[in-house]
Amino acid sequence: LVKLRSSGVLVAPSVEPARPQFQLLISDPKMLGILDRRWTETLACQRVGADLAATVMLGGLLEALFLARINRLTSLAPVFTATAAPKDKAGKSKPLKEWGLKDYLDVAKELGWIRQSAKDVGQVLRDYRNYIHPEKELSHGVTVAAEDTAMFVNVFSSIAEQIIKSA
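Quick look at the structure, then. (Residues numbered from 1 in each chain as written. Predicted model: local features only at pLDDT ≥ 70, side-chain atom pairs only at ≥ 80, totals over all residues. Heavy atoms only, no water.)

### Remarks on the packing of aromatic side chains
Alright, step 1. Going through the model one piece at a time under the given rule, you end up with 6 aromatic pairs.
Alright, step 2. Considering the side-chain rings of F66 and Y104, the 6.0 Å spacing of their centres and the 10 degrees angle between planes classify their relative orientation as stacked. Of this pair, F66 sits in helix α3 (residues 51-71) while Y104 is found in helix α5 (residues 101-110), placing the two residues 38 residues apart along the sequence. The pair F66 / Y104 is uniform in exposure class, with both members buried.
Alright, step 3. Here the aromatic rings of Y128 and F152 are separated by 5.5 Å at their centres, their planes lie at 50 degrees, and the arrangement is tilted. In this pair, Y128 sits in helix α6 (residues 116-129) while F152 sits in helix α8 (residues 146-166), placing the two residues 24 residues apart along the sequence.
Alright, step 4. Counting every residue linked through ring pairs, the aromatic cluster contains F66, F80, W99 and Y104. (Phe/Tyr/Trp six-rings, centres within 6.5 Å; stacked < 30°, edge-to-face > 60°. Helix = DSSP H or I, 4+ residues; strand = E, 2+ residues; numbered from the N terminus. Buried < 20%, exposed > 50% of the residue type's maximum accessible area, 1.4 Å probe, protein only.)

### Considering the environment of A82
Alright, step 1. For A82, the position within the fold is in the loop between α4 (77-81) and α5.
Alright, step 2. On the accessibility criterion, A82 (3% relative accessible area) is buried.
Alright, step 3. Taking the C-alpha atoms as reference points, A82 and A108, 26 residues apart in sequence, are found 9.4 Å from one another.
Alright, step 4. In this view, A82 contacts K87, V107 and E110; residues no more than four positions away in its chain are not counted. (Contact = heavy atoms within 4.5 Å.)

### Thoughts on the nonpolar core
Alright, step 1. With 40 residues, the main nonpolar core has L65, F66 and F156 as its most contacted residues.
Alright, step 2. Only α2 (29-47), α3, α5, α6 and α8 provide two or more residues apiece to this core.
Alright, step 3. In terms of residue count, α8 provides more of this core than any other element does, 8 residues in total.
Alright, step 4. Leave out the neighbours within four places in its chain, and F156 touches P20, F22, W39, L58, L61, L62 and L65. (Core = buried A, V, L, I, M, F, W, Y, C linked by side-chain atoms within 4.5 Å.)

### Structural notes on the side chain of S93
Alright, step 1. With respect to the helices and strands, the residue S93 is situated in the loop between α4 and α5.
Alright, step 2. Taking relative accessible area as the criterion, S93 reaches 15% and is therefore assigned buried.
Alright, step 3. Here F80 takes part through its backbone oxygen, which lies 2.4 Å from a polar atom of the side chain of S93. (Polar contact = N/O pair within 3.5 Å; in protein donor to acceptor, adjacent residues only side chain to side chain.)

### Considering the packing of α2 against α3
Alright, step 1. α3 packs onto α2 with a crossing angle of 155 degrees between their chain directions and a minimal axis gap of 8 Å. Comparing the axis directions of α2 and α3 gives the class roughly antiparallel. Helix-helix and strand crossings are classified by hand; for α2 and α3 the assignment is left-handed. Residues L35, R38, W39, E41, T42, C45 and Q46 of α2 pack against D51, A53, A54, M57, L58, L61, A64 and L65 of α3.
Alright, step 2. Residue classes in the contact of α2 with α3 are distributed as 10 nonpolar, 2 polar and 3 charged. (Axes fitted to C-alpha atoms, helices over the stretch in contact; angles between N-to-C directions. Parallel < 35°, antiparallel > 145°, perpendicular 65-115°, else oblique. Left-handed = near helix turned anticlockwise from the far one by under 90°. Nonpolar A, V, L, I, M, F, W, Y, C, P; charged D, E, K, R; others polar.)

Set out below in structure tokens:
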């Protein structure tokens, strides 16, 4: 990503991305309100150069969409019996509250909700979201920049569309 950014391949789009169609996946008006507000906050962070904050927001939104997709299932068995489902020391699937974005990406790919490319770039978004930890930023020497955030907004939008369409 650093090489692509420095080579000029990554360029921020000049048009604001379309709001994801959360309502096609989520019917709870309170949750829709929260997701809409978070999307608006993400774009506001991006506009004022709070790139790390926008990236963190995108990761949270993505986790919320995966959880919403899971909650639409009539049976949770496929989620918890997926090979990629995170397991505890006894080999039993962990409860959803203990899952992270990596787990959601892995299981969503296994269940056919997202494509391999979405899983792969979703992992990059997850990795960059983790620069919220100052020590990681310091030790890796990476700072999230405007071009990164612009790309992550597009990555999020693409993954969100796949999750929503799979429902």
